[in-house]
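Inside the fold
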Amino acid sequence: MSPAPSSTPAGAPDRRWPIALSLLALYLIWGSTYLAIRVALESWPPFLMAAIRFLVAGGLLYGFLRWRGSAAPTRAQWGNAAVTGTLLLGLGNGLVCYAEQSVASGLAAVAVASMPLFAALFGTAYGQRPRRIEWIGLGIGFLGVILLNLGGGMNGAPAGAAALVIAAAAWAFGSVWSRGRDMPPAAMNTAAQMLCGGAILSVAALIFGERLPSDPTLPATLAVIYLIVFGSLIAFTAYLYLLANVRPVLATSYAYVNPPVAVLIGAGLAGEAVGLSDLVAMAVILGGVALITLTRGK
């Protein structure tokens, strides 16, 4: 018998497992970081906490890569990393941290779930038009976001709600803008973006007069460490790998899976309320993700 035909060309590396593991890391780890941010905010101010997270993670990764002999980014690559790091980490993550001072972690994840819709719109301007079935998946996912917001959990925090919308749009635009740019290779791209994003967040912390906590709690400090190791070094590296290897709609599909993960973790560990309507909305969101995933490109 002849072997079954393979979808991977002869001699080409099989990227299915790295892509699958990267998606799994984004779905689970980034879903849990919303609660980790909430715990960290018990002692740490939002922009300073995010700045420390990315400066430490980026500095460790950059130092390790240079020690291993990796070339430093060029001036052009630093410039592109600064733009992308500002959009993804400075605005995207920094505003999420700011919003979680007044918005529950699960609801924050739900609001950020609008990001793939922004990515699809921005991608259209760059010639990356989603297929018809992907538009349907995006619409279904966004309908789930609306349903999950009907409970009115963000009505009392308009500033937080606005920050989350801006964060989603900034993250989406940065993700689309970075494709095809002269970026540092592989993990050096992660390090450069985290260093640039951390620098912008440090400036924001200074503008808002944030200071280091005098006596941070142990859970808050452990949450910051978790965000550095898992949320930054592992998950952000996986995200940049996906941006370089799959369609933007699939790379950003984590924003639809993170809300159910964040809501369930928030309910189980922090006592955040989850009603029947929340479960229905999460099912709708996951339905949209399924449509997007089934129509992804190689």
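Coordinates for the structure precede this section.
These figures come from a predicted structure and were not determined experimentally. (Residues numbered from 1 in each chain as written. Predicted model: local features only at pLDDT ≥ 70, side-chain atom pairs only at ≥ 80, totals over all residues. Heavy atoms only, no water.)

**Description of the overall build of the protein**
To be explicit about the condition: Numbering of helices and strands runs from the N terminus; a helix is a DSSP stretch of H or I covering at least four residues, while a strand is a stretch of E covering at least two. Between buried and exposed lies partly exposed: a residue is buried under 20% and exposed over 50% of the maximum accessible area for its type, with that area taken using a 1.4 Å probe on protein chains only. Exposure was quantified through the Shrake-Rupley algorithm and a 1.4 Å probe, taking into account, for residues, occlusion by the shown protein chains and nothing else.
Scanning the protein from terminus to terminus reveals 12 helices and 0 strands. What you see in the protein, going N to C, is helices and strands ordered as α-α-α-α-α-α-α-α-α-α-α-α. A buried classification covers 50% of the 298 residues belonging to the protein. About 13600 Å² of surface is accessible on the protein, with carbon and sulfur atoms providing 68% of the total.

**Quick word on the packing of helix α2 (residues 46–67) against helix α3 (residues 75–99)**
Here is the rule we go by: Axis definition: a line fit to C-alpha positions, over the contact stretch in the case of helices; interaxial angles, taken between N-to-C directions, run 0 to 180 degrees. Angle categories are assigned with fixed cut-offs, so that under 35 degrees is roughly parallel, over 145 is roughly antiparallel, 65 to 115 is roughly perpendicular, and the rest are oblique. Definitions for this section: a left-handed crossing has its near helix turned counterclockwise from the far helix by less than a right angle. A right-handed crossing has that turn clockwise. Any two residues having at least one pair of non-hydrogen atoms within 4.5 Å are treated as being in contact. When residue character is reported, Ala, Val, Leu, Ile, Met, Phe, Trp, Tyr, Cys and Pro are called nonpolar, Asp, Glu, Lys and Arg charged, and the others, Gly included, polar.
Their axes nearest at 9 Å, the elements α2 and α3 cross at an angle of 140°. As far as their axial angle goes, α3 and α2 are oblique. Remark: the crossing between α2 and α3 carries right-handed chirality. Contacts between α2 and α3 involve Pro46, Phe47, Met49, Ala50, Arg53, Phe54 and Tyr62 from the first element and Trp78, Leu89, Asn93, Gly94, Cys97 and Tyr98 from the second. For the contact of α2 with α3, a count of residues per class yields 10 nonpolar, 2 polar and 1 charged.

**Here we look at the environment of Leu35**
Mapped onto the secondary structure, Leu35 falls in helix α1 (residues 16–40). Since its relative accessible area comes to 9%, Leu35 is described here as buried. Sequence-wise, Leu35 and Glu100 are 65 residues apart; in three dimensions their C-alpha atoms are separated by 9.2 Å. In contact with Leu35, not counting residues within four places along its chain, are Ser105, Ile265, Leu269 and Ala270.

**Regarding α1**
Convention followed: What a helix should span is 1.5 Å times the count of its residues minus one. The reported bend at a residue is simply the angle between two axes, fitted to the 7 residues ending at it and to the 7 residues beginning with it.
Over its 25 residues, α1 extends 35 Å from the first C-alpha to the last, a length consistent with the 36 Å expected when each residue adds 1.5 Å. Along α1, the helix axis deviates most sharply at Tyr34, where the bend reaches about 30°.

**Concerning a nonpolar patch on the surface**
Heads up, the rule is: Patch membership needs two things, relative accessible area over 30% and no salt bridge, and members are linked within 9 Å if like-charged or within 5 Å if nonpolar (Val, Leu, Ile, Met, Phe, Trp, Tyr). What makes a salt bridge here is a side-chain nitrogen of Lys or Arg within 4 Å of a carboxyl oxygen of Asp or Glu, nothing more.
A surface patch of nonpolar side chains, about 520 Å² in accessible area, is lined by Leu218, Leu222, Ile225, Val229, Phe230 and Ile234. Examined against the element boundaries, Ile225 turns out to sit in helix α9 (residues 218–245).

**Concerning helix α11 (residues 254–270)**
Over its 17 residues, α11 runs 22 Å from end to end, which matches the ideal 24 Å to within 8%, given 1.5 Å per residue. Taken residue by residue, α11 has Tyr254, Ala255, Tyr256, Val257, Asn258, Pro259, Pro260, Val261, Ala262, Val263 and Gly266 as its buried positions. Two residues or fewer past α11, Gly271 is found with a positive phi of approximately 75°.

**Focus: the nonpolar core**
Counted only if it meets this: Each nonpolar core is a collection of buried residues, namely Ala, Val, Leu, Ile, Met, Phe, Trp, Tyr and Cys, held together in the definition by side-chain atoms within 4.5 Å.
Among the nonpolar cores identified, the biggest contains 84 residues, and Met49, Trp171, Phe236, Tyr239 and Tyr254 are the most heavily contacted of them. The element that contributes the greatest number of residues to this core is α9, accounting for 12 residues.

**Considering the packing of α1 against helix α4 (residues 105–112)**
In contact at an axis separation of 8 Å, α1 and α4 are set at 130° when each is read in the N-to-C sense. Judged by the inter-axis angle, α1 sits oblique to α4. The handedness of the crossing between α1 and α4 is right-handed. Contacts between α1 and α4 involve Tyr34, Leu35 and Arg38 from the former and Ser105, Ala108, Ala109 and Val112 from the latter. Broken down by class, the residue content of the contact of α1 with α4 amounts to 5 nonpolar, 1 polar and 1 charged.

**Quick notes on the side chain of Glu210**
Using the following cut-off: Counting rule for charge: Lys and Arg are taken as positive, Asp and Glu as negative, and neither His nor the chain ends is counted. Here a polar contact is recorded for every N or O atom pair within 3.5 Å, except that within protein the pair must consist of a potential hydrogen donor and a potential acceptor, and residues adjacent in sequence are included only if both atoms are side-chain atoms.
Inspection of the secondary structure assignment puts Glu210 in the loop between α8 (186–207) and α9. No salt bridge is formed by the buried Glu210, whose closest oppositely charged neighbour, Arg211, lies at an N-O distance of 8.3 Å. Among the polar contacts listed, one links the side chain of Glu210 to the backbone nitrogen of Phe47, at a separation of 3.2 Å. Contacts of Glu210, omitting those with residues within four sequence positions, involve Pro45, Pro46, Phe47, Leu48 and Ala205.

**What to know about the environment of Phe236**
Structurally, the position occupied by Phe236 is in helix α9. Through-space distance from the C-alpha of Phe236 to that of Leu26 is 8.0 Å; in sequence the pair is 210 residues apart. For Phe236, the contacting residues outside a window of four places in its chain are Trp30, Leu88, Leu89, Trp171, Thr190, Gln193, Met194 and Gly231.

**Considerations on the packing of aromatic side chains**
We count it as follows: Stacked, tilted and edge-to-face are the three classes applied to pairs of Phe, Tyr and Trp rings, where Trp contributes its six-membered ring and a pair requires centres within 6.5 Å; stacked means planes under 30 degrees apart, edge-to-face means over 60, and tilted covers the rest.
Inspection of every chain in the model, using the stated rule, returns 14 aromatic pairs. Taking the centre distance of 5.5 Å and the plane angle of 55° together, the rings of Trp30 and Tyr239 count as tilted. Taken together, the positions of Trp30 in helix α1 and Tyr239 in helix α9 put the pair 209 residues apart, joining distant regions of the chain. Here Phe122 and Phe173 contribute two aromatic rings whose centre-to-centre distance is 5.3 Å and whose plane-to-plane angle is 80°, an arrangement assigned as edge-to-face. A residue pair is termed long-range when its members are at least 10 positions apart, and Phe122 in helix α5 (residues 115–125) and Phe173 in helix α7 (residues 158–178) qualify at 51 residues. In this structure Phe122 comes out as partly exposed when scored by relative accessible area, which is 27%. On the accessibility criterion, Phe173 (28% relative accessible area) is partly exposed. Ring-pair connections join several aromatic residues into one group, and the members of that group are Trp30, Trp171, Phe236, Tyr239 and Tyr254.

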